[in-house]
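Chain and residue survey
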Amino acid sequence: MNNNNNYDLETKLIHGGHKPDPATGALATPIYQTATFAAKTVEHFEELCQTWGYVYTRECNPNLSELEIKLSILEGGENAIVSTSGMGAIASTVLALVKSGDHVICSDGVFSHTKILMGELLTKFGVEVTFVDAVVPDNIRKELKENTKFVYIESPLNPTLDLVDIKSISEIAHANKSLVIVDSTFGTPIIQQPIKLGADLVIHSLTKFMNGHGDTLGGAVIGSKELIELVRWPSLCCFTGASLSPMNAWLITRGLKTLDMRMKRHCESALQIASFLESQDCVEIVKYPALKSHPQHELCKSQMNGLGGGIVSFKLIDGINGFTRDEASRKLMNSLELVTIATSLGEEHTLVQMNGENLIRIAVGLESVQDIINDFIQAIQKIEGSFEKSEA
Ligand code: PLP
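Conventions adopted
- Residues numbered from 1 in each chain as written.
- Predicted model: local features only at pLDDT ≥ 70, side-chain atom pairs only at ≥ 80, totals over all residues.
- Heavy atoms only, no water.
- Helix = DSSP H or I, 4+ residues; strand = E, 2+ residues; numbered from the N terminus.
- Buried < 20%, exposed > 50% of the residue type's maximum accessible area, 1.4 Å probe, protein only.
- Contact = heavy atoms within 4.5 Å.
- Areas by Shrake-Rupley, 256 points an atom, 1.4 Å probe, with all protein chains shown as cover.
- Lys, Arg positive; Asp, Glu negative; His and termini not counted.
- Charge placed at Lys NZ, Arg CZ, Asp CG, Glu CD.
- Near = heavy atom within 4 Å.
- Polar contact = N/O pair within 3.5 Å; in protein donor to acceptor, adjacent residues only side chain to side chain.
- Nonpolar A, V, L, I, M, F, W, Y, C, P; charged D, E, K, R; others polar.
- Core = buried A, V, L, I, M, F, W, Y, C linked by side-chain atoms within 4.5 Å.
- Domains from an automatic or database assignment.

**Notes on the overall build of the protein chain**
- Summing up its helical and strand segments, the protein chain has 14 helices and 12 strands in all.
- Counting only C-alpha atoms and orienting by the principal axes, one finds that the protein chain spans roughly 85 × 50 × 40 Å.
- Counting across all 392 residues of the protein chain, residues that qualify as buried make up 54%.
- Summarising the internal contacts of the protein chain: among those between residues at least 6 apart in sequence, 68% fall at separations of at least 24.
- Of the roughly 17,100 Å² of accessible surface on the protein chain, a fraction of 53% belongs to carbon and sulfur atoms.
- Seen as two clouds, the 33 positive and the 47 negative side-chain charges of the protein chain have centres 2 Å apart.

**Quick notes on the site of the ligand**
- Around the ligand sit 13 residues in total, of which Gly86, Met87, Asp183, Ser205 and Thr207 are the nearest.
- Between an oxygen atom of the ligand and a side-chain N or O atom of Ser205, the distance comes to 2.8 Å.
- In isolation the ligand has 390 Å² of accessible area, and contact with the protein removes 91% of it.
- Residue composition of the shell around the ligand, by class: three nonpolar, seven polar and three charged.

**Considerations on the nonpolar core**
- If you look at the biggest cluster of nonpolar residues, it comprises 66 residues, and the most contacted ones within it are Leu67, Leu71, Leu277, Phe314, Leu332 and Phe376.
- Shared between two domains, this core holds at least three residues of each, these being domain 1 (9-256) and domain 2 (260-384).
- Residue contacts for Phe314: discarding those within four places in its chain leaves Leu277, Val283, Ile285, Val286, Leu332, Asn358, Leu359, Ile360, Ile362 and Phe376.
- Among the nonpolar cores identified, the runner-up in size contains 43 residues, and Val132, Ala134, Phe150 and Ile181 belong to it.

Below is the structure:
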């Protein structure tokens, strides 16, 4: 693509970063499944090393470059770097930015492994980490220090689906000269574009909606040229070595071409499922940002294009038909026939998972929404049926 920023997002998803193969003219990008690249002479090799030419796949590869250009176009960044997983992207980013004696703020309720990384890895290297309820932006202001290097947030939060106000937090952090990093995995550029709201770096687990087919792991960081180069070298390409494989970059690039259609379908189905669950007597609470009952519904409209994303969380009422909430939740999930009990999200299959507080997270897939709802109806009937039997 000629980097024409006037194209709509749907066009950028297909054309961004893409060129017919320069060697053969193949319109679909070939998979450059190679560890190393041949140079013509010693001088050519030296030139490639100095200019980030194709030398070694851990540092540069045409499949990775295509995906990186596409992602920076989609998120409105200047540059991007892809990695072997979302965690690879997060680790490489924070290791690039902090040194012993720095302070960082991390939002409460971020993905559990991110919390472990911040709490255990960074503190091990002498970085002070403060966890804050970032749903209230003012809480961030109160914890900022002179040496706060960055504020790390996620929105929507996983699995509570609370929202974090990216624009307000960016203003607060920047007034302190602290960077803002946003994990936008649940959002995707179809729903929210954190850089336009003031964030410095956007992180994605490409494993989820961006690839969309549940067949590869991947991660990415997008931001300014300067910050991405800092993450690239020596952090990602040398310290963590968390470079994406060409095959996985190719799969994710292919998945991205249909992101717009898939994401809209995930959102439409999620809203219908959330509304259905909200109408059920056995359900205590449904968390979904596009529901009018969500306490941050207005923020969903301004920050997320009014779309709530592809994840719905809910809790059953306690004591329903003589079951504890835990018993009823397990019974409901074990009774599902179409929906699969599995971790992860953002793929074509609908997946369910429960946390320690009996919050059931539905990662809404691309099946017929009526079939998904029917599966929940029959599972709910099973809880009620058991009650009738035990009462009889
Ligand atoms: N960020 C969020 C919000 C996630 O949900 C996950 C994984 O579930 C990650 C990051 C980590 O991504 P990956 O599993 O690709 O390492």
